[in-house]
Amino acid sequence: MKLKHTLGCCSILALTSAPVMAGDLLFSGFGSFIAGAKDHSNGNAYAGYETYDFSFDPDSLVGIQATGFLNEKVSTTVQIVSRGAENWDSEVDWAYVRYQVNDQFSWRLGRIRVPFYLYSDFVTVGFAYPWITPPFEVYAIPFSNVNGGDVVYQFSAGSVDFLLQAYVGSEKFTMGAADPFPGAETETRNQYGFAAEMSWRSFKFRYAYHTADTFANVDPATLPTDFQVLLGGLATNGFTRTLERLTIERDQYVFHDFAARYDDGKLYFVAEAAMLNGDAEAPDSDRFMYYLTGGYRFGDWMALITYAVRDDDKEDLAQDIPNSGATAPLYAGVDAVAESFVQDTDQITLGVRWDFTPGMAFSAEVIDHTDNKDSDNDAMVTRAGIQVVF
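Residues numbered from 1 in each chain as written. Predicted model: local features only at pLDDT ≥ 70, side-chain atom pairs only at ≥ 80, totals over all residues. Heavy atoms only, no water.

1. Things to note about the overall build of the protein
Stated formally: Numbering goes from the N terminus for both helices and strands, where a helix is a DSSP run of H or I of at least four residues and a strand is a run of E of at least two. Radius of gyration: over C-alpha atoms. The globule rule applied is 2.2 Å multiplied by the number of residues raised to the 0.38 power. When accessible area is computed with a 1.4 Å probe and restricted to protein chains, residues below 20% of their type maximum are described as buried, those above 50% as exposed, and intermediate ones as partly exposed. Note on definitions: a residue-residue contact is assigned when non-hydrogen atoms from the two residues lie within 4.5 Å. Here, Shrake-Rupley sampling with a 1.4 Å probe gives the accessible areas, and only protein chains in the shown set may cover a residue. Charge counting follows a simple rule: Lys and Arg are positive, Asp and Glu are negative, and His as well as the terminal groups are ignored. Note on charges: their place is set at NZ of Lys, CZ of Arg, CG of Asp or CD of Glu.
Within the protein, the regular secondary structure consists of three helices and 17 strands. Scaling as 2.2 N^0.38, a compact globule of 390 residues should have a C-alpha radius of gyration of about 21 Å, and the protein matches this with 22 Å. Along the three orthogonal principal directions, the C-alpha set of the protein runs to about 75 × 45 × 45 Å. Put simply, the protein has 390 residues, and 45% of those count as buried. Put simply, 60% of the contacts in the protein that link residues at least 6 apart link residues at least 24 apart. In the structure as shown, the protein presents an accessible area of about 18300 Å², 59% of it carried by carbon and sulfur atoms. Of the side chains in the protein, 26 bear a positive and 53 a negative charge, and the two mean positions are spaced by 7 Å.

Spelled out as structure tokens, the structure:
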């Protein structure tokens, strides 16, 4: 949902742990004000940065969250985020009603966050994690929310805490630059999933599973001319299965996420890996993504290093086309399309964070991004700024 005005605040996941009375209305907010630039060795963008001129838009955002308590069990929450990358138009990220059945069990209906990743619940709250944003190679799903509902169950067994969450919903979104058809209007249906977390002392372990039927409205007129010619050749020669594979119409995708974190207040370590797999008719390659982060706190300062990877498997989209004679050019064209869907990248990020006052931190990072398929896409991004919660 778009609200055609700009807000000056942003949201935070948890408002307060203090008791509240029926009729209470609580507000909280957050903001990230980040400036960054990319080296000018090429004209390609990375993480939203395109040139060596400093830009505040890609990572800056502000917003607000309001929660109203109807009684001790029922509350409603609305979260609105305004992003510089979207011309500061404001968007309703959350809008749901919550029923707290008891201390362990609750359910929500409305617009909710999808628990794709370890940091999904507060992915827009930059103050809540050590980076300016989570590693781009992994946190690349083009949408974060669904219209639907979820249930959450929390319990403890001795010194071990557990959280179980299951949800169902659907969403409409626009494919991003890292997806098969950038800019295509896309929809998920029959989407559902679950996440399980276990926490013990300084450790946390997490697994999540998600699946959805996906539909993409790809306008052929927006495709490159050579792609349009290729589609015409496939139709003329009767390669209908290959032609159908070069679309996304009720293709089922499955997403897995694994994470482990250690944080004792000084030493910080997190590892997270994700896999996105399409069914036999999906056009794009299977994705494997992971990152490793290590950090250490020195009083109010924290230094960290991150290594992140995306390594895709190439799909054999041309398997029904003979690679000989008159159809050899078609085979080569489809094989080139399949190759264009593959990404093989990695990055190393060096960062520092300074919590110079409660609720506010200064962060700075240098990201060295490498495209192992095309060195023209290599990039060095430098960014720094203030992140705040209130």
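2. Description of the packing of aromatic side chains
Under the convention used in this document: Between the rings of Phe, Tyr and Trp (Trp by its six-membered ring), a pair exists once the centres lie within 6.5 Å; its type follows the angle of the planes, with under 30 degrees stacked, over 60 edge-to-face, and the other angles tilted. Charge-over-ring contacts are defined here by two conditions on Lys NZ or Arg CZ: a distance within 6 Å of the ring centre and an angle within 35 degrees of the ring normal.
Using the criterion set out here, one finds 30 aromatic pairs in the structure. Centroid distance F116 to F143: 5.5 Å. Interplanar angle 80°. Geometry classified as edge-to-face. Here F116 is found in the loop between β6 (105-113) and β7 (145-157), whereas its partner F143 is found in the loop between β6 and β7, with 27 residues between them in sequence. For the residue pair F116 and F143, the accessibility class agrees, reading buried in each case. Centroid distance F288 to Y290: 5.7 Å. Interplanar angle 40°. Geometry classified as tilted. Directly above the aromatic system of Y96 lies the positively charged group of R108, at a separation of 4.7 Å from the ring centroid.

3. Overview of the packing of helix α1 (residues 225-236) against helix α3 (residues 328-340)
Our working definition: To obtain an axis, a line is fitted to C-alpha atoms, over the contacting stretch when the element is a helix, and the angle between two such axes runs from 0 to 180 degrees between their N-to-C directions. Roughly parallel means an angle under 35 degrees; roughly antiparallel means over 145; roughly perpendicular covers 65 to 115; every other angle is labelled oblique. For any pair of crossing helices, the crossing counts as left-handed if the nearer helix is rotated counterclockwise from the farther one by less than a right angle, and right-handed if it is rotated clockwise. The nonpolar class holds Ala, Val, Leu, Ile, Met, Phe, Trp, Tyr, Cys and Pro. Asp, Glu, Lys and Arg form the charged class, and all remaining residues, Gly among them, are polar.
Closest axis-to-axis distance for the α1/α3 pair is 10 Å, and the angle between their directions is 130°. Between α1 and α3, the angle falls in the class oblique. Here α1 and α3 pass one another in a crossing that is left-handed. Seen from α1, the contacting residues are F227, L230, G233 and L234; seen from α3, they are L330, G333, V334 and V337. Partitioning the contact of α1 with α3 into residue classes produces six nonpolar, two polar and no charged.

4. Here we look at the confidence of the model for the protein
Using the following cut-off: pLDDT measures the predictor's confidence residue by residue and takes values from 0 up to 100.
In this model, the protein carries a mean pLDDT of 90, and residues with pLDDT of at least 70 account for 94%. This stretch, residues 1-21, has a pLDDT under 50; its non-local contacts, to residues over four places away or in other chains, come to 73 contacts.

5. Describing the pairing of strand β9 (residues 185-200)
Consecutive side chains along a regular strand alternate between the two faces of the sheet. Formally: Paired strands are those between which DSSP finds at least two bridges.
Where strand β8 (residues 160-174) meets β9, 14 bridges bridge the pair, whose relative direction is antiparallel. Bridged to A166 within β9 is F194. Across 14 bridges, the pairing between β9 and strand β10 (residues 203-217) is antiparallel. Across the sheet, residue E197 finds its bridge partner in β10, namely R206. The turn linking β9 back onto β10 is made up of two residues, and R201 within it adopts a positive phi angle of 55°.

6. Some remarks on the pattern of salt bridges
Put simply, the rule reads: Whenever a carboxyl oxygen of Asp or Glu lies within 4 Å of a side-chain nitrogen of Lys or Arg, that contact is scored as a salt bridge.
Per the stated rule, a full pass over the model turns up 21 salt bridges. Measuring nitrogen to oxygen at the nearest pair gives 2.8 Å for the salt bridge that ties R297 to D263. Of this pair, R297 sits in strand β13 (residues 286-298) while D263 sits in strand β11 (residues 249-263), and the two are 34 residues apart along the sequence. Of the residues examined, D263 reaches a relative accessible area of 27% and is grouped as partly exposed.

7. With respect to the side chain of N145
Applicable threshold: N or O atoms within 3.5 Å of each other form a polar contact, as long as, within protein, one can give a hydrogen and the other can take it, and as long as residues adjacent in sequence are counted only when both atoms are side-chain atoms.
Looking at the element boundaries, N145 is found in strand β7. A distance of 2.9 Å separates polar atoms of two side chains, one belonging to N145 and the other to R113. Excluding residues that lie within four positions of it along the chain, N145 makes contacts with D93, W94, R111, I112, R113, V114 and E171.

8. Digging into empty space enclosed by the protein
Put simply, the rule reads: Two kinds of site are reported from a 1 Å grid over the protein atoms alone, namely cavities, where a 1.4 Å probe fits but cannot get out, and pockets, open sets with protein on both sides within 12 Å along at least five of seven lines, and residues are called lining when an atom falls within 4 Å of a point. Grid points are joined across faces, edges and corners, and a volume is the space filled by probe spheres set on the points.
Under the defined criterion, the tally for this structure stands at two cavities of 30 Å³ or more. The space that makes up the largest cavity amounts to roughly 310 Å³. The wall of the largest cavity is formed by 22 residues, among which F143, F173, T214, Y253 and L276 lie closest to the centre. Among the secondary structure elements, those contributing two or more residues to the lining of the largest cavity are β8, β9, β10 and β11. No other element matches the four residues that β10 contributes to the lining of the largest cavity. For the lining of the largest cavity, a count of residues per class yields 14 nonpolar, five polar and three charged. At the level of secondary structure, the elements contributing two or more residues to the lining of the second largest cavity comprise β15 (344-357) and β16 (360-371). Residue composition of the lining of the second largest cavity, grouped by class: seven nonpolar, four polar and two charged.

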